[in-house]
Structures are given as C-alpha cells and as structure tokens.
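Chain by chain, the residues:
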Amino acid sequence: MIQPADLVHNQFVAKAPLREWKAALELQFGVSAARTKLVRAKHSGPLRVQRPFYPEGDCCHLYVLHPPGGIAPGDRLQIDIALDSGSHALLATPSAGKVYTSDAQRSKQRQAVHAVLRSESCLEWLPQETIVFSGANVQLETRFDLHGDAKLAGWDMVCLGRRAHGEQFLQGDCVQLIEINRCGKPLMRERMHWQGGGDMLRAPWGMAGQVVSGTLFATVDASRQQLDDWRAGLENLGLPGEWGISQKPGILLARFLGQSAAQGRRGFEYLWTCLRPLLNNRVACPPRIWNT
C-alpha cells in the first residue's frame, strides 16, 4: 500500500522541481582517558547524530540520522569522518535511506561519504540499505583513505525500486562509487551504473533479474579455510540470493545479489561477526539499534 508521505512527495515532484537542499556533517574522533570520544560534530542542514554509546567500554558507537528520510531532487548530502590515531568508532544508521524520484529537469541527487583514518585507528561503517525509487537520478559516493595500519570494515547495499510497493526500477540512473585507499594506493575502486529499464538489470552478466546489490569490505587477510568456512556458514543460513567471497591483497570482499535487502543484511551481519576478531581482536557487539 502506498504510504501517504510517498504519495504527497510524488505529487509534489510532478508539479514543480524542488530547490537544492544541501546538508553536511563533519565528525572527528579522538582518544581521551582510554576511550574514543566524539571530539567534533559540526552539521548544517538535515544531518545529525545521536549521543554516543559505549557498550564495549572504549569503542564509540554512533548513529547517523537524516531526519527527512530521503534524498529529494537537487539534494546534496556530504558526510566527512576523521579518526585520530588510536581511535575506534562504529557508525550505523537507524533505517534504510531513500532516494526519491527526480523532477522533470532530472535534477541530480548526491550522497557522498568520505572518511580519513589515521594510523592505529579502526572504523566500522555499517549503514542500512539505500532504496532508490524508479526515476531517481543519484550518485552515491563512498571513499575511505587509510593511513599506516588503520583498519576498516563496512558495507554498502543498494535496492533498486520500492519492492514493498511492487515498484520496478524502470526509469532513472543510479551510480555507486566505492573507493578504498591505503597511503594513497588503491585497495579497491569500483563503479556501478544502473540505468532504469536497462539490459544490465536482466542480463546474466549483470543483475540477472535481482534488485538488491551489496558489497562488504574488510581490511583483513583470511586463509582459504576461513573463506570456505564462511561460505559454508552462509549456505547453512539458507539465505536466498547469490553470494561470493574473495580475498584480494590487503582486503576481503563479499558480494550479494538478491531480492531482499533484509536477507542481504542478515548475511553481512553474519560475516561481520566472523571478521571482527581478525579485524580488531574483538567479538561482535551489534549496534543496539539493530534490535529495534
């Protein structure tokens, strides 16, 4: 059933283009009294954070909020994250992000996340999926710059169309960019371009009829036996969709193609619990917001 907010939004877009609404969030984490603290939080526009949580004592758990709930035509969201040496932060979002249908002028929509990790720091970036409405015109950029032995784990998941409403991604454009560098050298650079109604959405070399695409990444070096064990673990979970895990120099990658973002997230959460001891010698401590 179409929700009233979605109906009002689509009617508004059909009548007139929206003005650009910029939003920015700057976060800096440092260490004080053997605990990671949020030492700087500057925002403009509709981007906020909740107060930090410390379920592990020293690691800072923080939730990033976008109160409007979605990116409208012309919107620009910029999130900048900096981790000082020795700091450890886990960032998550309380709900799925949305990218609304663009206007008649096909105004560009953009979300950019840029994180800089100093030596001996660790960032876990665990957002929920981004739902891209049919007719959106969006660029999703995620970039991590690591220095020294900084550690990183995270994922990015895109759902094309509003599956709950029976909507297919028949129009529009979605570009996803993921870049991870260490000391200026690339560990991963990836660009995906989905065109609404395009052949790639159906072709076996593309999405093969699936609507959810997810990528997990972690700066760990796993053995072949560990990879085989995790593949078997995913199989035992009985999650539908296509899964793949590969070890590249300095970075492990996992892929998901399926029909359900919830199933993809469940698989990624399982892998994260397996990877965390290798990443930072910690057992999994799921963000409490995952229980709501």
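Structure: see above.
Residues numbered from 1 in each chain as written. Predicted model: local features only at pLDDT ≥ 70, side-chain atom pairs only at ≥ 80, totals over all residues. Heavy atoms only, no water.

Colleague: Before we go on, may I ask you to explain the overall build of the protein in this structure?
Modeller: Counting its regular elements, the protein contains three helices and 17 strands. The C-alpha atoms of the protein give a radius of gyration of 19 Å, which matches the 19 Å a tight globule of 292 residues would have. Summarising its shape, the C-alpha atoms of the protein cover approximately 55 × 40 × 35 Å along the three principal directions. For the protein, buried positions account for 49% of its 292 residues. Residue pairs in contact within the protein that sit at least 24 positions apart in sequence constitute 73% of those at least 6 positions apart. Here the protein displays about 13,600 Å² of accessible surface, and carbon together with sulfur accounts for 50% of that area. In the protein, 33 side chains carry a positive charge and 27 a negative one; their mean positions are 4 Å apart. (Helix = DSSP H or I, 4+ residues; strand = E, 2+ residues; numbered from the N terminus. Rg over C-alpha atoms; globule rule 2.2 N^0.38 Å. Buried < 20%, exposed > 50% of the residue type's maximum accessible area, 1.4 Å probe, protein only. Contact = heavy atoms within 4.5 Å. Areas by Shrake-Rupley, 256 points an atom, 1.4 Å probe, with all protein chains shown as cover. Lys, Arg positive; Asp, Glu negative; His and termini not counted. Charge placed at Lys NZ, Arg CZ, Asp CG, Glu CD.)

Colleague: Looking at this model, I keep getting lost on the pairing of strand β12 (residues 151–160). Mind explaining?
Modeller: A regular strand places its side chains on the two faces of the sheet in alternate fashion. Most of β12 sits inside the fold, with nine of its ten residues counted as buried. Pairing of strand β9 (residues 122–126) with β12, which is carried by four bridges, proceeds in the parallel orientation. Within the sheet, the bridge partner assigned to C122 lies in β12 and is K151. Bridge analysis of β12 against strand β15 (residues 212–218) gives seven bridges, and the strand direction is antiparallel. The residue of β15 that forms the bridge with A153 is A218. (Pairing = 2+ DSSP bridges.)

Colleague: Quick question: what am I supposed to make of the pattern of salt bridges here?
Modeller: Side chains that differ in charge, positive against negative, can pair when their charged atoms come close. Throughout the structure, instances matching the rule amount to 14 salt bridges. One salt bridge in this structure joins R202 and D199, with 3.0 Å as the shortest N-O distance. Take R202 and D199: they sit in the same class, and that class is exposed. A salt bridge links D228 to R231; the nearest nitrogen and oxygen atoms lie 2.9 Å apart. In this pair, D228 and R231 both sit in helix α2 (residues 224–237), three residues apart, roughly one turn of the helix. The exposure class of R231 is partly exposed, given its relative accessible area of 36%. A single network of salt bridges, built from pairs that share partners, joins E56, D58, E124, R276 and R282. (Salt bridge = Lys/Arg side-chain N within 4 Å of Asp/Glu carboxyl O.)

Colleague: Explain the nonpolar core here, please?
Modeller: The tendency in soluble globular proteins is for nonpolar side chains to be buried as a group. The biggest cluster of nonpolar side chains holds 43 residues, and the ones touching the most others in it are F29, I81, L91, L123, V132, F144 and W194. Once residues lying within four places of it in the same chain are set aside, the contact partners of V132 are V99, V138, V158, C159, L160, G161, F169 and C174. Listed in part, the 37 residues of the second largest apolar core include F53, L216, L252 and L275. (Core = buried A, V, L, I, M, F, W, Y, C linked by side-chain atoms within 4.5 Å.)

Colleague: How should I be thinking about the side chain of E124 in this particular structure?
Modeller: Along the chain, the position of E124 falls in strand β9. Not counting residues within four places of it along the chain, the set of residues in contact with E124 comprises H88, A89, L90, L91, A153, W272, R276, L279 and N280.

Colleague: Sorry, what's going on with unusual backbone geometry here?
Modeller: Most peptide bonds take the trans configuration, and most residues that are not glycine carry a negative phi. With phi around 60°, A34 is a residue other than glycine that occupies positive phi space. Judged by relative accessible area, A34 falls into the exposed class, the value being 68%. At C183, a position not held by glycine, the phi torsion is positive, near 50°. Looking at the secondary structure, you find C183 in the loop between β13 (173–182) and β14 (185–195).

Colleague: I tried to follow helix α3 (residues 261–280) on my own but got confused; where do I start?
Modeller: Every α-helix winds through 3.6 residues per turn, so residues three or four apart in the chain are directed the same way. The end-to-end C-alpha separation of α3 is 27 Å, in line with the 28 Å expected for 20 residues at 1.5 Å each. Listing the buried residues of α3 in full gives A261, G264, R265, G267, F268, L271, W272, L275, R276, L279 and N280. Two or three places before A262, at the opening of α3, S260 has a side-chain oxygen 3.3 Å from that residue's backbone nitrogen. Among the residues trailing α3, N281 stands out with phi positive, at a value near 60°. (Expected span 1.5 Å × (residues − 1). Polar contact = N/O pair within 3.5 Å; in protein donor to acceptor, adjacent residues only side chain to side chain.)

That is the geometry; function is a separate question.
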